[in-house]
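Residue-level structure breakdown
So you can see what is in the structure, the chains are spelled out below.
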Amino acid sequence: MSAVAATPRSRHRLGDGVAYWLILPLLALEGLFLAYPILSGIASSFVNPDSGGYDFSNFSTMLADPDFWAIMIRTLVFVLLVDVAVLLTGLGVALLMNRQFRGRGVVRGLLTIPWAVPEVPVAITFIFMIDPTFGVFNLLARMLPGVTENPQWTLDPTLAMAIVVTVTVWKGFPFYSLVLLAALQAVPEELYEAARLDGASAWRQFRHVTLPGIRPSIALLAVLAFIYSMQQFTLIWLITGGGPVDATLTLAPAIYMQAFRFYNFEYAAAMAVVGLLFSVLATLAFISVQRRLALDER
Amino acid sequence: MSSIGLAHPASRTDRTAAVAAILRAALILVVCFVLLFPVYWMVLNAIQPSEYSLSWPPSLLPRGFEWSNFRHLFEDKPIVDWLLKSTFVAAIVVAATLIVVVPAAYALSRLRWRGQNLLGLFLLFTQIMPGAMIVAPELTLFRTFGWTDNLTALAFLHAAFVVPLCTWILKSSFDAVPRELVEAALVDGCSHTAALWRIMLPLTRPGLVAVSVVAFFSSWNEYLFSSALITQSDLYTGSLGLATLITQLDTPLFVLMAAGVMFSVLPVAFYLAIQRHILRGLTAGAVKG
């Protein structure tokens, strides 16, 4: 994990020229298919759709649009809910797996499956599970007091948001629990022994030994979960389409909708610039958390 | 527990430990059941007759099997064709990714050069950036070159998206090769290309396998760009074909679920086999070379 640590200087510095030849294919591919679209997208965010000239009109329209702010708040809610829920689920599963028991390898493998199933089949399965007539989720809902009819999962704004959060968390949790499990196993056993000698209860051991030990990993995973949930498009798009009445329309599907449903390419580009700014922040957060992680290991 | 246990009669400690173990096992079973339920539900509804799936209240246990579901899937829907298209695209992605990533990972792992940190930063950023941010400019680019409805062009785009992650994975596996091995070869007059080909690659086969699997299935699973760039239904890949089944109201439920199962079998099998490698690469996304 100490990936940030600098490689010791190679004595063979004939390197330079060779290095550029070696990265040339990468630069060509990434330049054409990623860097150029990023830049041309930023450029088109400044194009006035009426006059064709360059100005800030898309941004001023966007910032004055209450729908845009609603999208940002919704994205924030979605990201925070997914972030907290996926970390708690991941930690819960990791704690459960952090002890020897028979069949542990099998359980570990099985619990990785949700991560490996592609998004489209996941969406298909959950669409059937929340079907208002036959969906198995209705069984769960009906266990709650006062629920006598099957809920209309995708017609109720709160339920729809709960569903897309649940599906996103379910698809993502195995990764978080595997990383946390590795972190848990790296906490030195002596610390637990010392705590036990001092008569610390299980909770106090968790609070004062386990948590501090895995804090750097949790910080890194919190940033990764932010990135993961910002990227989420397919599950939301296929399950709710951003509805009902935009209730699950986060930034990623909103941009897609502006571009491909309303053909407001320039407006979509302006929204994408906001998304790119968030990605810059996430990149900086990732780097700083990782640096700290590397320092801790030293 | 052991220090406290000494104070008690042994039998009582044993019993507490046994009860704790049983509770623990029960908890693990319940957690597995809840977390794996959607997978179970997909498989169950793919293999049982639809009249059992489409009844209320749904039965949680299988009430009968109907293997002809899969025959219907293969007869009624071009699933084989979709999966072949997915395989075709993913195979190009693997080849393109390896060609790009192997030399780049070597340069990042073994050489020092100006702009190295900048490249690392760019790769990290593209990995973090949500794809939806550039889906419209990407379509414009593809239209300019006449690449829409072109699976090969789509494959190169998929490769561009997976290259950053694969570069980290392979770089970390190159980093693990002892420095002296390569340096000795270089001192003996070996070129960097030869050092890469004859020393690095044979020693990093697991890393190369991991990179290939990641590249293959990132393409196999991709939906957003495929749906934006491929419009002809005879060019549909698995994820596109499956997604259109959702909107075709006449698709029988078991066909939908059986298609989901067919599409998931490969990625699940391969990811389970190499999860440890991917894990290391995902968390070790290095910033500096």
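Conventions and cut-offs
- Residues numbered from 1 in each chain as written.
- Chains lettered and ligands numbered in written order.
- Predicted model: local features only at pLDDT ≥ 70, side-chain atom pairs only at ≥ 80, totals over all residues.
- Heavy atoms only, no water.
- Helix = DSSP H or I, 4+ residues; strand = E, 2+ residues; numbered from the N terminus.
- Rg over C-alpha atoms; globule rule 2.2 N^0.38 Å.
- Buried < 20%, exposed > 50% of the residue type's maximum accessible area, 1.4 Å probe, protein only.
- Contact = heavy atoms within 4.5 Å.
- Lys, Arg positive; Asp, Glu negative; His and termini not counted.
- Charge placed at Lys NZ, Arg CZ, Asp CG, Glu CD.
- Buried area = accessible area lost by both parts, 1.4 Å probe.
- Nonpolar A, V, L, I, M, F, W, Y, C, P; charged D, E, K, R; others polar.
- 1 Å grid on protein atoms, 1.4 Å probe; cavity = no way out; pocket = protein on both sides within 12 Å on 5 of 7 lines; lining within 4 Å.
- Points joined across faces, edges and corners; volume = space filled by probe spheres on them.
- Salt bridge = Lys/Arg side-chain N within 4 Å of Asp/Glu carboxyl O.
- Domains from an automatic or database assignment.
- Polar contact = N/O pair within 3.5 Å; in protein donor to acceptor, adjacent residues only side chain to side chain.
- Core = buried A, V, L, I, M, F, W, Y, C linked by side-chain atoms within 4.5 Å.
- Phe/Tyr/Trp six-rings, centres within 6.5 Å; stacked < 30°, edge-to-face > 60°.
- Axes fitted to C-alpha atoms, helices over the stretch in contact; angles between N-to-C directions.
- Parallel < 35°, antiparallel > 145°, perpendicular 65-115°, else oblique.
- Left-handed = near helix turned anticlockwise from the far one by under 90°.
- Expected span 1.5 Å × (residues − 1).

A few words on the overall build of chain B. Across its full length, chain B carries 14 helices and zero strands. The linear arrangement of helices and strands in chain B, starting from the amino end, is α-α-α-α-α-α-α-α-α-α-α-α-α-α. Scaling as 2.2 N^0.38, a compact globule of 289 residues should have a C-alpha radius of gyration of about 19 Å, whereas chain B reaches 25 Å, well beyond that. In terms of principal-axis extent, the alpha carbons of chain B reach across some 70 × 70 × 35 Å. Within chain B, buried positions represent 57% of all 289 residues. Sequence-distant contacts, at least 24 apart, represent 75% of the contacts inside chain B between residues at least 6 apart. Of the charged side chains in chain B, 18 are positive and 15 negative; the average position of the first set lies 14 Å away from that of the second.

This part covers the side chain of serine 279 of chain A. Inspection of the secondary structure assignment puts serine 279 of chain A in helix α13 (residues 265-297). Owing to a relative accessible area of 3%, serine 279 of chain A belongs among the buried residues under this scheme. Each residue touching serine 279 of chain A, except ones within four places of it in the same chain, is listed here: Phe125, Ile128, Met129 and Pro130 of chain B.

All right, on to helix α12 (residues 251-260) of chain A then. Burial runs high along α12 of chain A: ten of the ten residues are buried. Those residues of α12 of chain A that fall on the buried side of the exposure criterion are Leu251, Ala252, Pro253, Ala254, Ile255, Tyr256, Met257, Gln258, Ala259 and Phe260 of chain A.

Right, let's talk about the interface of chain B and chain A for a bit. Of the residues lining the interface, 103 residues belong to chain B; the matching set on chain A comes to 98 residues. Both faces combined, the contact of chain B with chain A buries some 8900 Å², and carbon together with sulfur accounts for 78% of it. The element contributing the most residues to the side of chain B that touches chain A is helix α14 (residues 253-283) of chain B, with 16 residues. Residues of the side of chain B that touches chain A, tallied by class, amount to 76 nonpolar, 18 polar and nine charged.

In this section: the layout of surface pockets. One way to see where empty space is left: roll a probe the size of a water molecule over the atoms. Roughly 810 Å³ of internal volume is contained in the second largest pocket. Taken together, 34 residues line the second largest pocket, and the ones lying closest to its centre are Ile127 of chain A together with Ala243, Leu245, Ile246 and Thr247 of chain B. Among the secondary structure elements, those contributing two or more residues to the lining of the second largest pocket are α6 (119-129) and α11 (234-239) of chain A together with α13 (238-247) and α14 of chain B. Here the lining of the second largest pocket takes six residues from α13 of chain B, the largest share from any one element.

Take the pattern of salt bridges next. All names here are of chain B. For the coordinates displayed, the defined rule picks out four salt bridges over all chains. As a salt-bridge pair, aspartate 81 and lysine 85 come within 3.2 Å of each other at their nearest N and O atoms. Taken together, the residues aspartate 81 and lysine 85, both in helix α5 (residues 79-110) and four residues apart, mark about one turn of the helix. Across the pair lysine 171 and aspartate 175 runs a salt bridge, and its minimum N-O distance is 2.8 Å. Here lysine 171 and its partner aspartate 175 are both found in helix α8 (residues 151-175), four residues apart, which amounts to about one turn of the helix. Looking at aspartate 175, the relative accessible area reads 35%, which means it is partly exposed.

All names here are of chain B. Its domain assignment divides chain B into domain 1 (2-66) and domain 2 (72-283). Taking only C-alpha atoms into account, the centre of domain 1 sits 36 Å from that of domain 2. Taken together, the contact pairs eight residues of domain 1 with seven residues of domain 2. Counting the surface domain 1 buries against domain 2, the share from its top three residues, Met42, Ala46 and Ser50, is 65%. Between the two partners, domain 1 and domain 2, sit zero salt bridges. Run the count over domain 1 and domain 2 and you get zero residue pairs in polar contact (both at pLDDT 80 or more). The set of elements that each furnish at least two residues to the side of domain 1 that touches domain 2 consists of α2 (10-47) and α3 (50-53). A per-element tally of the side of domain 1 that touches domain 2 places α2 first, with four residues. When grouped by side-chain class, the residues that make up the side of domain 1 that touches domain 2 number four nonpolar, four polar and no charged.

So, about the nonpolar core. Leu111, Tyr176 and Met271 of chain A together with Tyr106 of chain B are the most contacted members of the largest nonpolar core, which totals 202 residues. Looking at which element gives the most residues to this core, the answer is α5 of chain B, with 17 residues. Residues lining this core come from more than one domain, with at least three contributed by each of domain 1 (2-66) and domain 2 (72-283) of chain B. Look past the residues within four positions of tyrosine 176 of chain A in its chain and what remains in contact with it is Val86, Leu87, Gly90, Leu221, Leu224, Ala225 and Tyr228 of chain A.

Now for the packing of aromatic side chains. Counting across every chain of the model gives 32 aromatic pairs over all chains. Ring centres of phenylalanine 233 of chain A and tryptophan 237 of chain A lie 5.5 Å apart, and the angle between their planes is 20 degrees; this geometry places the pair in the stacked category. Of the two residues examined, phenylalanine 233 of chain A and tryptophan 237 of chain A, each falls in the buried class. Pairwise contacts between aromatic rings join Trp115, Phe175, Tyr176 and Tyr228 of chain A together with Phe216, Phe217, Trp220, Phe263, Phe270 and Tyr271 of chain B into one cluster.

Turning our attention to the packing of helix α8 (residues 157-185) of chain A against helix α10 (residues 202-231) of chain A. Residue and element names in this part refer to chain A. Two numbers describe how α8 lies on α10: the axes approach to 10 Å, and their chain directions differ by 150 degrees. Classified by the interaxial angle, the pair formed by α8 and α10 is roughly antiparallel. Note that α8 runs across α10; the crossing there is right-handed. Here Thr168, Lys171, Gly172, Phe175, Tyr176, Val179, Leu180, Ala183 and Leu184 of α8 lie close against α10, whose contacting residues are Thr210, Ile214, Ser217, Ile218, Leu221, Leu224, Ala225 and Tyr228. Its residues placed into classes, the contact of α8 with α10 shows twelve nonpolar, four polar and one charged.

Below, the discussion takes up empty space enclosed by the protein. Within the structure shown, the criterion is met by seven cavities of 30 Å³ or more. Roughly 1400 Å³ of volume is contained in the largest cavity. Around the largest cavity, the lining comprises 40 residues; the ones closest to its centre are Glu119, Tyr228 and Gln231 of chain A together with Leu165 and Ser218 of chain B. Counting only elements with at least two residues in the lining of the largest cavity, the list comes to α5 (113-116), α8 and α10 of chain A together with α6 (116-128), α8, α11 (205-221), α12 (224-229) and α14 of chain B. When the residues that make up the lining of the largest cavity are grouped by side-chain class, the tally is 26 nonpolar, eleven polar and three charged.

Bringing α11 of chain B into the picture now. For α11 of chain B, which comprises 17 residues, the first-to-last C-alpha distance of 24 Å matches the rise-based estimate of 24 Å (1.5 Å per residue) to within 8%. Counting buried positions over the 17 residues of α11 of chain B gives 13, a clear majority of the element.

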